[in-house]
Amino acid sequence: MGILVQKFGGTSLSTPEAREHVIRHIQRELDHQQQLVVVVSAMGRKGEPYATDTLLQWAADNGNSLPARERDLLLCCGEIISASTLCSLLGSEGISSTVLTGAQAGFITDDQFGNARIVDVRPDRVLEELKSHQVVIVTGFQGQSESGDFTTLGRGGSDTSATALGAALKADVVDIYTDVDGILTADPRIVEDAKPLRVVSYAEICNMAYHGAKVIHPRAVEIAMQARVPVRVRSTFSEGEGTLVTHPEGFRDVQTGILDRFVTGIAHVGGVTQITVESESGTDNLQLKVFKTMAEHGISVDFINVTPSGAVYTVFDSDADKAVTVLEQQGLVPKALSGCAKVSVIGGGINGVPGIMAQIVESLTNAGVQILQSADSNTTIWVLVRKEDMVQALRALHAKFELHR
Ligand code: ADP
Ligand code: MG
């Protein structure tokens with residue numbers, strides 16, 4: 001009997017109705033004789049009682065001086081409440097389950113509180129409990145350091161928990177249940193006619209996730225890719241099959257012509273600031289000075305264009321003031337344009353296609369969107385636009401590449 005890992009995200013667990021859907025998906029898989037391991041996130045989103053962001057706000061409102069180790073202890077409560085709630089609800093449906101914390105499920109991490117890396121997963125206890133329970137519920141987003149402290153895995157951590165556990169258990173598949181019908185050609189909250197993708201390669205979705213498609217965390221996809229565990233991203237609120245994420249050879253089982261697809265999807269990241277530093281006469285090694293300064297202050301940089309006369313790059317809006325200050329301390333004269341967004345066109349098929357940049361420029365120009373900066377790689381073309389142009393840009397590019405079809 002194969003093992004199936006199901007992961008339910010925050011919105012999938014936030015209301016009584018949503019939880020009924022969760023139970024239905026669990027029941028259906030039990031009817032199919034699956035051994036079931038269910039990974040849960042904290043219930044709900046910011047503002048809802050037990051959501052991770054709510055716990056963070058609680059800490060900020062109550063002294064605002066919680067050390068990182070203790071903050072992780074507090075954050076672990078969100079998933080524990082969620083898992084215990086599910087255990088109780090399953091019991092009332094006559095389904096036996098038990099709850100394991102990240103630590104009990106065997107997640108060993110480093111001790112970087114708030115953003116811990118998984119060092120190892122030893123799922124012996126999970127396998128043991130599967131012998132006496134129909135469902136083993138595991139709290140996502142958390143682990144334990146070698147010295148026994150609770151740790152959390154950072155944003156998207158429950159996705160990572162699910163695929164890492166799926167890999168360790170050699171699961172047949174990992175199902176990521178969320179509030180949309182799978183991975184779509186763009187964020188459906190912005191592009192209304194975005195279309196679910198039936199099958200994507202690990203590389204394609206990793207790329208989309210890195211460029212802002214937050215439907216699944218890129219770390220989670222990388223782990224699944226290394227272990228060759230298929231992932232399905234699907235909706236808690238429907239019976240749809242969602243999107244299968246697998247190796248290209250896995251596509252053979254799915255009857256679609258998508259292997260020839262040119263552009264897979266469009267993604268976006270908002271809230272970035274463009275920093276421009278021009279060389280003034282007499283400023284030696286300007287580029288080196290700029291990027292060394294950023295590194296020394298722990299400011300992550302992206303979208304870097306270096307020219308003989310200077311450097312242009314982006315930082316998160318939240319780092320912008322600091323970036324400007326530390327550059328000025330070096331005697332540089334940076335210019336900052338805040339409130340920008342990075343829009344990415346992603347697809348394995350764009351590699352070397354002549355005229356693609358012309359198509360992008362044409363459609364953005366027709367939509368009245370100014371391109372502030374651009375860059376490209378084998379599989380992605382990025383443009384930087386003003387925040388107020390982002391929605392227009394996404395819709396224009398989505399239409400240009402006929403992704404709604
Ligand atoms: P969960 O709580 O289930 O982890 P998330 O909010 O992390 O849910 O991820 C689901 C959300 O991802 C969707 O509601 C959608 O707005 C957003 N999203 C962004 N890009 C995409 C995309 N390309 N396809 C599907 N969803 C996307
Ligand atoms: Mg998520």
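Per an unreviewed UniProt entry, the protein chain carries the name Aspartokinase and comes from Paenibacillus lacisoli. Listed in UniProt under the heading Catalytic activity (unreviewed entry), the comment for the protein chain reads: "L-aspartate + ATP = 4-phospho-L-aspartate + ADP". Per its UniProt entry, the protein chain bears the Function (unreviewed entry) comment "Catalyzes the phosphorylation of the beta-carboxyl group of aspartic acid with ATP to yield 4-phospho-L-aspartate, which is involved in the branched biosynthetic pathway leading to the biosynthesis of amino acids threonine, isoleucine and methionine."

Asker: So what's going on with unusual backbone geometry? Residues and values would help.
Answerer: If you check the backbone angles, Asn64 has positive phi at about 50° while not being a glycine. Counting through the fold element by element, Asn64 comes out in the loop between helix H2 (52–61) and helix H3 (68–92). At Phe303, a position not held by glycine, the phi torsion is positive, near 55°. With respect to the helices and strands, the residue Phe303 is situated in strand E14 (residues 302–307). For Phe303, a relative accessible area of 7% gives the class buried.

Asker: Give me the packing of aromatic side chains: which residues, what numbers.
Answerer: Any pair of aromatic rings gets described here by the distance separating the centres and the angle formed by the planes. Counted under the stated rule, the structure contains four aromatic pairs. Measuring from ring centre to ring centre gives 5.9 Å for Phe262 and Phe401, while their planes differ by 65°; the resulting arrangement is edge-to-face. Of this pair, Phe262 sits in the loop between strand E12 (243–246) and strand E13 (265–278) while Phe401 sits in the segment after helix H11 (390–400), and the two are 139 residues apart along the sequence.

Asker: Quick rundown of the pairing of strand E16 (residues 334–346)? Include the residues and the values.
Answerer: Summarising the sheet, E13 and E16 pair through 10 bridges and their orientation is antiparallel. Within E16, the position partnered with Val277 by the bridge is Pro334. Looking at chain direction, E16 and strand E18 (residues 380–386) are connected through seven bridges and run antiparallel. The residue bridging Lys342 from the neighbouring strand is Leu384, located in E18.

Asker: Could you give an account of the UniProt feature "domain: CASTOR ACT" (unreviewed entry) in the protein chain, naming the residues involved and the relevant values?
Answerer: Mapped onto the present numbering, the UniProt feature "domain: CASTOR ACT" (unreviewed entry) falls at residues 338–398. Measuring from the first to the last C-alpha atom of residues 338–398 gives 25 Å, for a span that is 33% helix and 33% strand.

Asker: How would you sum up the packing of helix H10 (residues 356–366) against H11? Please name residues and give values.
Answerer: When two helices pack together, their arrangement is captured by the angle between the axes and the distance separating the axes. Two elements in contact, H10 and H11, have axes whose closest approach is 9 Å; the angle formed by their N-to-C orientations is 130°. When the axes of H10 and H11 are compared, the pair comes out oblique. As H10 runs across H11, the sense of the crossing is right-handed. On H11, the residues that touch Gln359, Ile360, Glu362, Ser363 and Leu364 of H10 are Ala393, Ala396, Leu397 and Lys400. Counted by class, the contact of H10 with H11 contains five nonpolar, two polar and two charged residues.

Asker: Kindly report on the side chain of Arg28, identifying the contributing residues and their values.
Answerer: Within the fold, Arg28 resides in helix H1 (residues 16–31). Separated by 3.0 Å, the side chains of Arg28 and Glu29 make a polar contact. Those residues in contact with Arg28 that sit more than four places away from it in its chain are Tyr177, Arg234 and Glu239.

Asker: Kindly report on the site of ligand 1, identifying the contributing residues and their values.
Answerer: As a matter of local geometry, ligand 1 sits amid 20 residues, with Arg45, Thr178, Asp179, Asp187 and Arg189 nearest to it. Contact between ligand 1 and Thr178: an oxygen atom at 2.7 Å from a side-chain N or O atom of the residue. Within the backbone of Leu184, one N or O atom sits 2.9 Å away from a nitrogen atom of ligand 1. Of the residues assigned to the shell around ligand 1, the class counts are nine nonpolar, five polar and six charged.

Asker: Pulling in residues and values, what's your account of the sheet that holds strand E10 (residues 199–201)?
Answerer: Pairing in this open sheet of eight strands is mixed, and the strands run E3-E6-E2-E1-E9-E11-E12-E10 from one edge to the other. Taken across any chain shown, the strands that pair with only one partner, and hence form the sheet edges, are strand E3 (97–100) and E10. The sheet shows a mean angle of 20° between the axes of neighbouring strands, taken without regard to direction. Alignment of E10 against E12, held across three bridges, turns out to be parallel. Looking across to E12, one finds that Val199 is bridged to Leu244. In the packing of H1 onto the sheet, contacts are made with strand E1 (3–8), strand E2 (35–40), strand E6 (135–139), strand E9 (173–178) and strand E11 (231–235), and the angle to E1 comes to roughly 175°.

Asker: How would you summarise the pattern of salt bridges if you had to cite specific residues and measurements?
Answerer: Counting across every chain of the model gives 18 salt bridges. For Glu129, the salt bridge identified is with Arg125, shortest N-O distance 2.9 Å. In this pair, Glu129 and Arg125 both sit in helix H4 (residues 124–130), four residues apart, roughly one turn of the helix. Owing to a relative accessible area of 39%, Arg125 belongs among the partly exposed residues under this scheme. The residue Lys131 makes a salt bridge to Glu128 at a minimum N-O spacing of 3.3 Å. Residues participating in the shared-partner salt-bridge network are Arg24, Arg28, Glu29 and Glu239.

Asker: Outline the UniProt feature "domain: Aspartate/glutamate/uridylate kinase" (unreviewed entry) in the protein chain, listing residues and values.
Answerer: According to UniProt, the positions carrying the feature "domain: Aspartate/glutamate/uridylate kinase" (unreviewed entry) are residues 3–235. Helix makes up 38% of residues 3–235 and strand 21%. Its end C-alpha atoms lie 20 Å apart.

Asker: Give a description of the nonpolar core that names residues and reports values.
Answerer: Counting 37 residues, the largest nonpolar core has Val37, Val138 and Leu165 as the members making the most contacts within it. Looking at which element gives the most residues to this core, the answer is helix H6 (residues 202–210), with four residues. Setting aside anything within four residues of it in sequence, one finds Val37 in contact with Ile3, Leu4, Val5, Gln6, Val126, Leu130, Val136, Val138, Leu165 and Leu169. Of all hydrophobic cores here, the second largest spans 24 residues; its members include Ile190, Ile350, Val369 and Ile381.

Asker: I'd like to hear about the pairing of E14, residue by residue, with values.
Answerer: In summary, the side chains of a regular strand alternate between the two faces of the sheet. With four bridges joining them, E14 and strand E15 (residues 310–316) adopt antiparallel strand pairing. What sits directly across from Asp302, in E15, is Thr314. Taken together, E14 and the strand that follows it, E15, pair antiparallel across an intervening segment of two residues.

Conventions we followed
- Residues numbered from 1 in each chain as written.
- Chains lettered and ligands numbered in written order.
- Predicted model: local features only at pLDDT ≥ 70, side-chain atom pairs only at ≥ 80, totals over all residues.
- Heavy atoms only, no water.
- UniProt positions renumbered as here; feature names shortened; annotations may be inferred.
- Helix = DSSP H or I, 4+ residues; strand = E, 2+ residues; numbered from the N terminus.
- Buried < 20%, exposed > 50% of the residue type's maximum accessible area, 1.4 Å probe, protein only.
- Phe/Tyr/Trp six-rings, centres within 6.5 Å; stacked < 30°, edge-to-face > 60°.
- Pairing = 2+ DSSP bridges.
- Axes fitted to C-alpha atoms, helices over the stretch in contact; angles between N-to-C directions.
- Parallel < 35°, antiparallel > 145°, perpendicular 65-115°, else oblique.
- Left-handed = near helix turned anticlockwise from the far one by under 90°.
- Contact = heavy atoms within 4.5 Å.
- Nonpolar A, V, L, I, M, F, W, Y, C, P; charged D, E, K, R; others polar.
- Polar contact = N/O pair within 3.5 Å; in protein donor to acceptor, adjacent residues only side chain to side chain.
- Near = heavy atom within 4 Å.
- Salt bridge = Lys/Arg side-chain N within 4 Å of Asp/Glu carboxyl O.
- Core = buried A, V, L, I, M, F, W, Y, C linked by side-chain atoms within 4.5 Å.

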